[in-house]
Amino acid sequence: MEEDVERQLEQLLPTMPNICSCDICKLDMATYALNRLKPNYVRSNKGELFHKVNTSSTQAKTEILTAVVTAINVIGARPSHD
């Protein structure tokens with residue numbers, strides 16, 4: 001799930017120049033989004049394949065995108081630094 005969230009952040013943040021995209025804010029955004037998504041831990045190659053199949057559905061992609069956009073808006077409005 002972490003990779004999916006990071007990928008979305010890397011795609012979306014460059015399109016939002018008014019949002020801070022420093023390492024601190026990116027980590028805060030990723031943490032915020034991941035805390036709102038269902039955990040999906042895998043330990044084997046088979047589990048990783050199962051995860052990829054599950055997160056490739058339209059619903060899963062939408063849930064990840066929604067969590068990331070919400071994180072960007074919340075953290076972007078109130079960064080944890082000066």
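Report on the accompanying structure. Predicted model, so just to flag it, every value in this text is computed and none were measured.

**Thoughts on the overall build of the protein chain**
When its secondary structure is counted, the protein chain shows four helices and zero strands. C-alpha atoms of the protein chain, sized along the principal axes, occupy 45 × 25 × 20 Å. Per-residue burial over the protein chain gives 29% buried out of 82 residues. Accessible area for the protein chain stands at about 6,000 Å²; split by element, carbon and sulfur atoms hold 53% of it. The average position of the 9 basic charges and that of the 10 acidic charges among the side chains of the protein chain differ by 8 Å.

**With respect to the environment of C20**
Position of C20 among the secondary structure elements: in the loop between α1 (2-12) and α2 (23-34). For the pair C20 and I72, spaced 52 residues apart in sequence, the C-alpha to C-alpha distance is 9.1 Å. Residues contacting C20, with those up to four places away along its chain left out, are C25, M29 and H81.

**Quick look at the packing of α1 against helix α4 (residues 58-77)**
The contact between α1 and α4 brings their axes to 10 Å, and the two run at 55°. By the angle between their axes, α1 is oblique relative to α4. The way α1 lies across α4 gives a crossing that is right-handed. In contact with D4, V5, Q8, L9 and L12 of α1, α4 contributes I64, L65, V68, V69 and I72.

**A short note on the pattern of salt bridges**
Summed over all chains, the structure comprises two salt bridges. Across the pair R7 and D4 runs a salt bridge, and its minimum N-O distance is 3.0 Å. Taken together, the residues span about one helical turn, with R7 and D4 both in helix α1 at a distance of three residues. The exposure class assigned to R7 is partly exposed, which follows from its relative accessible area of 43%. Across the salt bridge formed by E10 and K26, the nearest N and O atoms sit 3.4 Å from each other. Of this pair, E10 sits in helix α1 while K26 sits in helix α2; the two residues are 16 residues apart in sequence, bridging distant segments of the chain. Judged by its relative accessible area of 47%, E10 falls in the partly exposed class. The partly exposed category is assigned to K26, whose relative accessible area is 24%.

So, how was this worked out
Residues numbered from 1 in each chain as written. Predicted model: local features only at pLDDT ≥ 70, side-chain atom pairs only at ≥ 80, totals over all residues. Heavy atoms only, no water. Helix = DSSP H or I, 4+ residues; strand = E, 2+ residues; numbered from the N terminus. Buried < 20%, exposed > 50% of the residue type's maximum accessible area, 1.4 Å probe, protein only. Areas by Shrake-Rupley, 256 points an atom, 1.4 Å probe, with all protein chains shown as cover. Lys, Arg positive; Asp, Glu negative; His and termini not counted. Charge placed at Lys NZ, Arg CZ, Asp CG, Glu CD. Contact = heavy atoms within 4.5 Å. Axes fitted to C-alpha atoms, helices over the stretch in contact; angles between N-to-C directions. Parallel < 35°, antiparallel > 145°, perpendicular 65-115°, else oblique. Left-handed = near helix turned anticlockwise from the far one by under 90°. Salt bridge = Lys/Arg side-chain N within 4 Å of Asp/Glu carboxyl O.

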